[in-house]
Amino acid sequence: MKDITDLLGRILLSFIFFFEAYDYFAYERLNKEAMIIYGLTWNQDFLLYGAILLLLLGALMVLLGYRMRLGAFLLMIYWVPLTFIVHDFWAEEPGTAVFRLQSLLFMKNIAITGGLLIVATHTSGKYRLRRLFATTNV
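Predicted model, so just to flag it, every value in this text is computed and none were measured. (Residues numbered from 1 in each chain as written. Predicted model: local features only at pLDDT ≥ 70, side-chain atom pairs only at ≥ 80, totals over all residues. Heavy atoms only, no water.)

Novice: Give me the lowdown on the packing of helix α1 (residues 2–26) against helix α5 (residues 97–121), citing residues and values where you can.
Specialist: What describes two packed helices is the angle between their axes and the distance between those same axes. Viewed as axis vectors pointing N to C, α1 and α5 meet at an angle of 125°, and their least axial separation amounts to 11 Å. Taken as axis vectors, α1 and α5 run oblique relative to one another. Our pair here, α1 against α5, has a crossing hand that is left-handed. Taken together, the residues of α5 that come into contact with α1 (itself represented by Leu 13, Ile 16 and Phe 17) are Lys 108, Ile 112, Gly 115, Leu 116 and Val 119. When its residues are assigned to classes, the contact of α1 with α5 shows six nonpolar, one polar and one charged. (Axes fitted to C-alpha atoms, helices over the stretch in contact; angles between N-to-C directions. Helix = DSSP H or I, 4+ residues; strand = E, 2+ residues; numbered from the N terminus. Parallel < 35°, antiparallel > 145°, perpendicular 65-115°, else oblique. Left-handed = near helix turned anticlockwise from the far one by under 90°. Contact = heavy atoms within 4.5 Å. Nonpolar A, V, L, I, M, F, W, Y, C, P; charged D, E, K, R; others polar.)

Structure, rendered in structure tokens:
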């Protein structure tokens, strides 16, 4: 049962990063406009496509259970700065709808960061890419 829950957890955790990479690619123009709003004007193509690369590579590594520590680290390189840049609820008026929404999104991202830290300190279970290759005769 532990191996099944490990796989399910990796699928669910990696899904948000795959979806965010898709969103960045599908809505490139809107994301670049959002980057300007948050003050990210330096080399936007590099930042946007670099984020997409980190998201895809890190999520794939976590999903497949292959070098999960590196995958979690790649995701945190993107996720932690994004959390503090985009969800700065402390800059909003307390009690407003924007304050409440941004504080919830900030805490959600902190919880996801906690999940990434757990992934970075544990090994994947029975269902992982390396084990699959080790048990098949090719």
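Novice: Now, about the nonpolar core: what can you tell me, with residues and values included?
Specialist: Phe 17, Tyr 24, Leu 55, Tyr 78 and Leu 116 are the most contacted members of the largest nonpolar core, which has 23 residues in total. Secondary-structure elements contributing two or more residues to this core are α1, α3 (44–64), α4 (68–86) and α5. Excluding its chain neighbours within four sequence positions, the residues that come into contact with Tyr 24 are Asn 31, Leu 48, Ala 51, Ile 52, Leu 55, Tyr 78 and Leu 82. (Core = buried A, V, L, I, M, F, W, Y, C linked by side-chain atoms within 4.5 Å. Buried < 20%, exposed > 50% of the residue type's maximum accessible area, 1.4 Å probe, protein only.)

Novice: Please provide a residue-by-residue account of the environment of Phe 18, values included.
Specialist: Tracing the chain through its elements places Phe 18 in helix α1. Each C-alpha atom, one on Phe 18 and one on Ile 52, is 8.9 Å from the other, the two residues being 34 residues apart in sequence. Setting aside residues no more than four positions away along its own chain, Phe 18 makes contact with Leu 56, Ala 59, Leu 60 and Leu 63.

Novice: Please give an account of the environment of Phe 89 that cites residues and values.
Specialist: Take Phe 89: it is sitting in the loop between α4 and α5. Considering only alpha carbons, one finds Phe 89 and Phe 99, 10 residues apart in sequence, at a separation of 5.3 Å. Filtering out sequence-adjacent residues up to four positions away, Phe 89 remains in contact with Phe 99, Gln 102, Ser 103 and Phe 106.

Novice: Account for the side chain of Glu 20, naming residues and giving values.
Specialist: For Glu 20, the location among the structural elements is in helix α1. Buried Glu 20, no salt bridge; nearest opposite-charge side chain is Lys 108, N-O distance 6.2 Å. (Lys, Arg positive; Asp, Glu negative; His and termini not counted. Salt bridge = Lys/Arg side-chain N within 4 Å of Asp/Glu carboxyl O.)

Novice: Can you break down a nonpolar patch on the surface residue by residue, with the values?
Specialist: A cluster of nonpolar residues, Phe 15, Phe 19, Tyr 22, Tyr 27 and Leu 30, forms a patch on the protein surface that exposes about 580 Å² of accessible area. Broken down by element, the nonpolar patch gets its largest block of residues, three residues, from α1. Structurally, the position occupied by Tyr 27 is in the loop between α1 and α2 (28–37). Judged by relative accessible area, Tyr 27 falls into the partly exposed class, the value being 41%. (Patch = residues over 30% accessible without salt bridge, like charges linked within 9 Å, V, L, I, M, F, W, Y side chains within 5 Å. Areas by Shrake-Rupley, 256 points an atom, 1.4 Å probe, with all protein chains shown as cover.)

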